[in-house]
Amino acid sequence: MTMEANHFPHEIEQFDQQAAFWWDADGPFKTLHHINPVRVGYMQGMVEFKDKKVLDVGCGGGVLSEALAALGAQVTGLDLAESSLQTAKLHLLESGLDVDYQNQDVATFSEANQGQFDVVCCLEMLEHVPDPKGIITSCLKALKPGGWLFLSTLNRTPKAMMLGIFAAEHVLKLIPKGTHHFEQFIKPSELVQMLKDTDTEIRDISGMRYNPMTKSAVIDGSDLNINYLMAIQKIDTTSDSQ
């Protein structure tokens, strides 16, 4: 597989078709707006974002990118869905924030920007690509020693299939049909395996529970059955040898 091939064209097309609705709080991405403060709060528990260089991989319409920019981070957002990036750039005119959005894949970008970022975020994206490990490798390449990588995805469990796909897409219509594919969900143990033999330490794995009635989410360290987040720190091997 070539570096450029690590995406599904139909996934990019689906996000492009919905690109105009990224910032519609009642639209197809409404749950993203509900969970975003919780995701940001989780990361803030590990990192002070002010003046940090942050890479948001799979940034979509910029919901996470803008939240981190509002905390004082210098944010670069990458995505392959051109229409989503146009929406993200337009929204900056409304928010007055500064984010560098680029239509580029992370493999190519990280090759040219090795060790440049304090924080790399790849949230709700790994379950949408054919080679998640390749994405993680590229994310780590862009990260400075001592920097933080934050990942989030969906666990491949019966509960995730029932609630993350059947209930969310077909019954409650929280997200568009066809957003998720069960076979692409990733078990935490598989994510841990992908990090094996990398210069990293897994600092935390926590679940995130979403309540559609209250339209809110909470972090739950004991429940990884559906959505979960992982905080990973890149080891500074240079300091070890001194």
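A quick note: this is a predicted structure, and the numbers were derived from the prediction, not measured.

K.L.:
Account for the sheet that holds strand β5 (residues 143-154), naming residues and giving values.
P.N.:
Spatially, eight strands are ordered β3-β2-β1-β4-β5-β8-β6-β7 in an open sheet, and the strand pairing comes out mixed. Pairing within the sheet leaves two strands with one partner each, and these edge strands are β3 (99-102) and β7 (216-220). The mean inter-strand angle of the sheet, taken between neighbouring strand axes irrespective of direction, is 20 degrees. Two strands pair when backbone bridges link them, and strand β1 (residues 53-57) and strand β4 (residues 117-123) are joined in this way by three bridges, in the parallel orientation. From the neighbouring strand, Leu55 faces β4, where its bridge partner is Val120. Sheet contacts for helix α2 (residues 30-44): β4, β5, β6 (200-211), β7 and β8 (227-234); angle to β6, the most-contacted strand, approximately 145 degrees.

K.L.:
Quick rundown of the pattern of salt bridges? Include the residues and the values.
P.N.:
For the structure on display, the rule yields six salt bridges. Close ionic contact of Asp118 with Lys144 constitutes a salt bridge, the shortest N to O distance being 3.1 Å. Here Asp118, found in strand β4, pairs with Lys144, found in strand β5; they are 26 residues apart in sequence, far enough to count as distant.

K.L.:
Would you mind going over the pairing of β8 in detail, with residue names and values included?
P.N.:
With respect to burial, β8 is a largely interior element, eight of its eight residues being buried. Where burial is concerned, the two faces of β8 agree: the one with Asn227, Leu229, Ala231 and Gln233 and the one with Tyr228, Met230, Ile232 and Lys234 are both buried. Relative to β8, β5 runs antiparallel, the two being bridged by seven bridges. Counted as the bridge partner of Thr153 is Tyr228 from β8. In this structure, β6 lies alongside β8, joined through eight bridges in antiparallel fashion. Within β8, the residue paired with Gly207 across the bridge is Tyr228.

Thresholds applied
- Residues numbered from 1 in each chain as written.
- Predicted model: local features only at pLDDT ≥ 70, side-chain atom pairs only at ≥ 80, totals over all residues.
- Heavy atoms only, no water.
- Pairing = 2+ DSSP bridges.
- Helix = DSSP H or I, 4+ residues; strand = E, 2+ residues; numbered from the N terminus.
- Axes fitted to C-alpha atoms, helices over the stretch in contact; angles between N-to-C directions.
- Contact = heavy atoms within 4.5 Å.
- Salt bridge = Lys/Arg side-chain N within 4 Å of Asp/Glu carboxyl O.
- Buried < 20%, exposed > 50% of the residue type's maximum accessible area, 1.4 Å probe, protein only.

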